[in-house]
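Given next are the chains, with one letter for each unit.
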Amino acid sequence: MQVKTLILAAVLAAPAALAQQIGQEPLGAPAVPPTHAVEQADAKLAQVARERAALEAEFAASEKACYERFFVNNCLDQAKEKRRAGLAAQRAIEVEAQHFKRQHAVDVRDRELEERAKKDAAEAVARAAKPPVKRTAPEDKPLPRPAAVSLEQRQAAHDARIQQLEAQDAAQAGARAANVKKYEKKKADSEKRQADIAAKRAEKAEKLRKRQEAEAEKAAKTQAGAAASQPKQ
């Protein structure tokens, strides 16, 4: 019985002893100082991000150095264990900070709900203390009757409307006439421009024709002179 007890104690103590040999902390969550403000929690989370990046960079450098040593596996195990312990510590800080922020948000919401409930209750008490307001129905007043319009007034309004339409039509007619005149002038200018272009083209063609005729006549004279100068056989 005593031998079994000693063996059991040795088995339970082995993980702790092995952890002490390779730099691992004893089993159990790392102790994290409590957070007291949201700003402090945010600062902790930012620090956790920086520490994690530093741990990964350190592990990468250690891993590279291990491959240059004789006992590579032992070196790698120590580097991995160091990274694991560091990441576990940062994870504990992260969990505590996030828990504080969630609890703080819940507390703020509860306080707001409590204050709103108190305000609603106070308003309800105030409304109950006030006497009800009596509302009197408005008196029915007859609507004013429209004034009677005589035949002369209707005729005058009709005549005024006709004069207004005639004035508008006259103004539009003047604008239409101006537009027609403008269009005709533009059309005449375009036709004159086309005629000038055609005249210039005809003049150029006539000059070219005369030049070609002169050159042909000159060539013929030159050829005739050359033939006349050759001795007869």
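Let me sum up the structure you'll find in this document. (Residues numbered from 1 in each chain as written. Predicted model: local features only at pLDDT ≥ 70, side-chain atom pairs only at ≥ 80, totals over all residues. Heavy atoms only, no water.)

Focus on the state of the cysteines
Alright, step 1. Summed over all chains, the structure comprises 1 disulfide.
Alright, step 2. The disulfide partner of Cys-66 is Cys-75, and the S-S distance across this bridge is 1.9 Å. Here Cys-66 and Cys-75 share a disulfide; its torsion about the S-S bond, -70°, makes the bridge left-handed. One exposure class covers both Cys-66 and Cys-75, and it is buried. (Disulfide = S-S within 2.5 Å. Buried < 20%, exposed > 50% of the residue type's maximum accessible area, 1.4 Å probe, protein only.)

A word on empty space enclosed by the protein
Alright, step 1. One pass over the full model with this rule turns up 1 cavity of 30 Å³ or more.
Alright, step 2. Space inside the largest cavity adds up to approximately 40 Å³.
Alright, step 3. If you go around the largest cavity, the residues you meet are Leu-55, Glu-58, Phe-59, Ser-62, Ala-79, Lys-82 and Arg-83.
Alright, step 4. Counting residues per element, the ones that place at least two in the lining of the largest cavity are helix H2 (38-66) and helix H3 (72-129).
Alright, step 5. If one sorts the elements of the lining of the largest cavity by residue count, H2 sits on top with 4 residues.
Alright, step 6. Looking at the lining of the largest cavity residue by residue, the classes come out as 3 nonpolar, 1 polar and 3 charged. (1 Å grid on protein atoms, 1.4 Å probe; cavity = no way out; pocket = protein on both sides within 12 Å on 5 of 7 lines; lining within 4 Å. Points joined across faces, edges and corners; volume = space filled by probe spheres on them. Helix = DSSP H or I, 4+ residues; strand = E, 2+ residues; numbered from the N terminus. Nonpolar A, V, L, I, M, F, W, Y, C, P; charged D, E, K, R; others polar.)

Focus on H3
Note on helix geometry: an α-helix contains 3.6 residues per turn, so any two residues three or four positions apart are oriented the same way.
Alright, step 1. For H3, with 58 residues, the first-to-last C-alpha span of 85 Å sits near the 86 Å given by 1.5 Å per residue.
Alright, step 2. Turning to H3, its buried residues are Cys-75, Leu-76, Ala-79, Glu-81, Ala-85, Gly-86, Gln-90, Ala-92, Glu-94, Ala-97 and Phe-100. (Expected span 1.5 Å × (residues − 1).)

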